[in-house]
Every structure is written in structure tokens, then in C-alpha cells.
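Report on the structure
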Amino acid sequence: MHRSLCFILIEKQMEMLDYSYTGELNETFSESIVPPILQGSFGILGNFLALFLLFHHSNVHRWGTFYKYVFALAVTDVNGLLLHYPVAIARYASDFEFEFPKKFCCFDVFLFSFSFLSSAMIVCAMSCDRLFAVKYPFIYRSGNHKTKRILFTIWIFSALVASFPLLGFGSVQMYYPGTWCFINFASLRRLDRINTYVYSSLCLLILLITAITNTAVIHSICQHDRTDIISSNEFERRKRKNDETYIVTLMLSIVILSSVCWIPLLVRMLINASASDPNNGPEELQAVRLTISNAIIDPWIYIILQKKNLVKISRLIRRIRNRKQFPAIIITEESKYVRAGTNLTGGNSSMNTNTISTRV
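Description of the structure in this document. (Residues numbered from 1 in each chain as written. Predicted model: local features only at pLDDT ≥ 70, side-chain atom pairs only at ≥ 80, totals over all residues. Heavy atoms only, no water.)

Some thoughts on unusual backbone geometry
Convention followed: A run of DSSP states H or I qualifies as a helix once it reaches four residues; a run of E qualifies as a strand once it reaches two. Both are numbered from the N-terminal end.
Look at the link from Tyr-176 to Pro-177: it is a cis peptide, with omega at -5°. If you trace the backbone, Pro-177 turns up in the loop between β1 (172-175) and β2 (180-183). Phi at Asp-95 takes a positive value of approximately 60°, unusual for a residue other than glycine. Structurally, Asp-95 is set in the loop between α5 (65-93) and α6 (102-135). Unusually for a residue other than glycine, Phe-96 sits at a positive phi of about 65°.

Notes on the side chain of Asp-77
Note the threshold: Only protein chains enter the accessibility calculation, which uses a 1.4 Å probe; a residue whose area is less than 20% of its type maximum is buried, one above 50% is exposed, and one in between is partly exposed. All tallies of charge rest on Lys and Arg as positive and Asp and Glu as negative; His and the ends of each chain are not included. Any Lys or Arg side-chain nitrogen found within 4 Å of a carboxyl oxygen on Asp or Glu counts as a salt bridge. We call two residues in contact when some of their heavy atoms are within 4.5 Å.
Looking at the element boundaries, Asp-77 is found in helix α5. One buried charge, Asp-77, has no salt-bridge partner; the nearest side chain with opposite charge is Arg-289, at 17 Å. Setting aside residues up to four positions removed in sequence, Asp-77 forms contacts with Asn-47, Ser-119, Ala-295 and Asp-298.

Here's the deal with α5
To keep things clear, this is the line we draw: One fewer than the residue count of a helix, multiplied by 1.5 Å, yields its expected span.
For α5, built from 29 residues, the straight-helix expectation of 42 Å at 1.5 Å per residue is met to within 8% by its first-to-last C-alpha distance of 42 Å. A positive backbone phi angle near 60° is found at Asp-95, which sits one or two residues after α5.

Observations regarding the pattern of salt bridges
Between side chains of opposite charge, a pair can form as their charged atoms come close. As enumerated under the stated definition, the model contains three salt bridges in all. A salt bridge links Asp-129 to Arg-130, with the shortest nitrogen-to-oxygen separation between them at 3.4 Å. Exposure class is identical for Asp-129 and Arg-130. Each is buried. One salt bridge connects Arg-268 with Glu-284, and the closest N-O pair in it is separated by 2.8 Å. Of this pair, Arg-268 sits in helix α10 (residues 234-274) while Glu-284 sits in helix α11 (residues 282-304), and the two are 16 residues apart along the sequence. Taking relative accessible area as the criterion, Glu-284 reaches 0% and is therefore assigned buried.

Some details on the nonpolar core
Rules: Definition used in this section: a nonpolar core is a set of buried Ala, Val, Leu, Ile, Met, Phe, Trp, Tyr and Cys residues joined via side-chain atoms within 4.5 Å.
Phe-116, Phe-182 and Tyr-199 are the most contacted members of the largest nonpolar core, which has 67 residues in total. Among the elements that make up this core, the one with the highest residue count is α6 (15 residues).

A look at the environment of Ala-72
Checked against the element boundaries, Ala-72 lands in helix α5. The class for Ala-72 is buried, based on a relative accessible area of 1%. Those residues in contact with Ala-72 that sit more than four places away from it in its chain are Ile-122, Leu-151 and Trp-155.

Re the pairing of β1
The criterion, for reference: Strands were regarded as paired on the criterion that DSSP finds at least two bridges between them.
Residues of β1 alternate between two faces, with Val-172 and Met-174 on one and Gln-173 and Tyr-175 on the opposite face, all of them buried. Summarising the sheet, β1 and β2 pair through four bridges and their orientation is antiparallel. Paired with Gln-173 across the two strands is Phe-182, which belongs to β2.

So this is what it looks like as C-alpha cells:
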């Protein structure tokens, strides 16, 4: 039976896998097994918790557009963590004697590229959806958002871009300490550098669109708040302001989290692609760990920071503040003598408080 052309290209690329780092993989590494265990455990448990909460509260949110994106994001993140970390931890546990098979390394490249890109695009789609909901609320409530089509388009596009190294557009590289594989941005070959520029520029563009969209959301909310002072009554204005505060908090969390986690890896990719002597060491490992942290924190951002939870936190803070409010202190003549260190025993100690407060 004839094999497809795509399968032949992928198989040839696996045979041509760049193992320029293999000669150093047998050396002794000082990397600890604790970080990957913690990242894998918290990431997988957190995303499963997010999925459980989504289904448990489905009768409340009724699978609105926002929660469909949250579900897709959690599924994408948990699959990436589940498929990568068991094998990576196995290499750490073997004291770096176990080496990735070539086929798994190619699969790991696709997995990382697909998960990183699709997660960023889903967050960007969520931001665009929020902007449309704030700018055109009536059209948004009555319209068909085609969320499923958007998600399938994101996944197909991400899979296509992630397949570039497997189809010969660039190559595959195993990185320090031999526990992860990614597109080859530590190469001097022109095709590898072009692939690195394409992927990193695309990711930076998505982050830029997300930041601009969230800024537009915050600006629109501030404009609505100014008009509401005149056009709305107190109850409606307070309710709308609570909703808008929740949206602003969520949007700022999205921008900050995505930027902090993504930019270091993208900067490392661009630096290596432009350098005459690219690196493949601990700096790249820390950068990819920080990027993976995005998938670990995502469920806590989108699920734990729900509106009802923020309301509870706000009420708790108010209660704590109210308990810390002490009664007003009445300064009397007696308190002045005490502060001055005067001994008020005898006649002065029998002074009536009412009399003292009257004098004051």
C-alpha cells in the first residue's frame, strides 16, 4: 500500500533530525527533577480542576462564548502537559541516561509549537470577543458568535505552522539538558533562521494584538463609565461598574501573564537566530519553563478569578477594614497628663470623665 507524500516527508525529516547536541547529552547535569515535577503536577491538576468547575457550573454559565474559550484553552494546555512531562520526567529520573527517541522528539516539537501558538491565539480570540461585547453589546447578545468555527480554525492553523519543521521548512533540535525538543533556533542554516523568524514574529504579533485589544476594552469601559454618571441611576451605574471592574481585572491579568511568560522565549529565539554563535544551554531551558508556566497559571486566572469569587474577596477585604476601624479617641485633660508622664494618683485621679470632656 502506497504511503502518502506527507508521511514520507515527515519520515525523512525524522531521519534528518539534528542531533548536534547529542554528543553532550551523556555529560553530568546539575538540573534538579523538582521543577518539572512541580510544573507538571500543578499544571495538570489545575487544568483538570478548571475543566471540572466548568462542567460543574455549566447550569450557571450555560456555556457562553467566554466559557467555550476557557474550555478550549484548558483542553489545549492539559494535553500539552500530559503528553510531554511524563517522558521528560523519565529522563530526569534516569539521571539523564534515557534519551528521547527521534520520533518522539519530532512529536515534541509539534506538541510545543502547537500548544504555545494555539493557546496564544485562543487568548487573543477571547480578548477580541470581549472588545466586541463591550463596543457593541446589543449586537453581541443577539448575534451568532461561531465560537466553534473560530476554535477549529485556530487549531488547524496552529497545527499547520507547527508542522513546518516536520515538512522540511526548518529542522528539529533537542535542547539542554536533553528534556525538550523545539524548532531549531540554535542553527546557522538559513532555512532554520527563517522558520524561527516566522514563528517568533507571528507569536509577537498575536501578543501585540491581544495587548491592543485589551487596551481598547479598558478605554471603552472608561468612556462608558463617564456617560453613566449622567445617564444612569445609582443602582444601574454601580452594577455596571462592578461588571466593568471584573472585565478590567481579567484583561490586565491576561496581558501581564501572557507577556511575562511568552516574551523571554521569543527574545531568546530572535537573539539566537541573529547570533553568529547560537546558544543551547540553561538560558533556553529557563525561557521554555517560563512559557510553560502560562499553561499552568491559565486555569487559576480564568476560573478562580471568576466574578463571584472577586466579589467574595472584595467583601472579605471590606470586613477586615471595618474590623480595623477603632472608635474615635476623646482627648481629655487626664490623657494629656498621662502622655506627659504626670502621676495622676490622688485627687486628680478622681476627676470625673464628664467634667474633663466638658473642659476639653
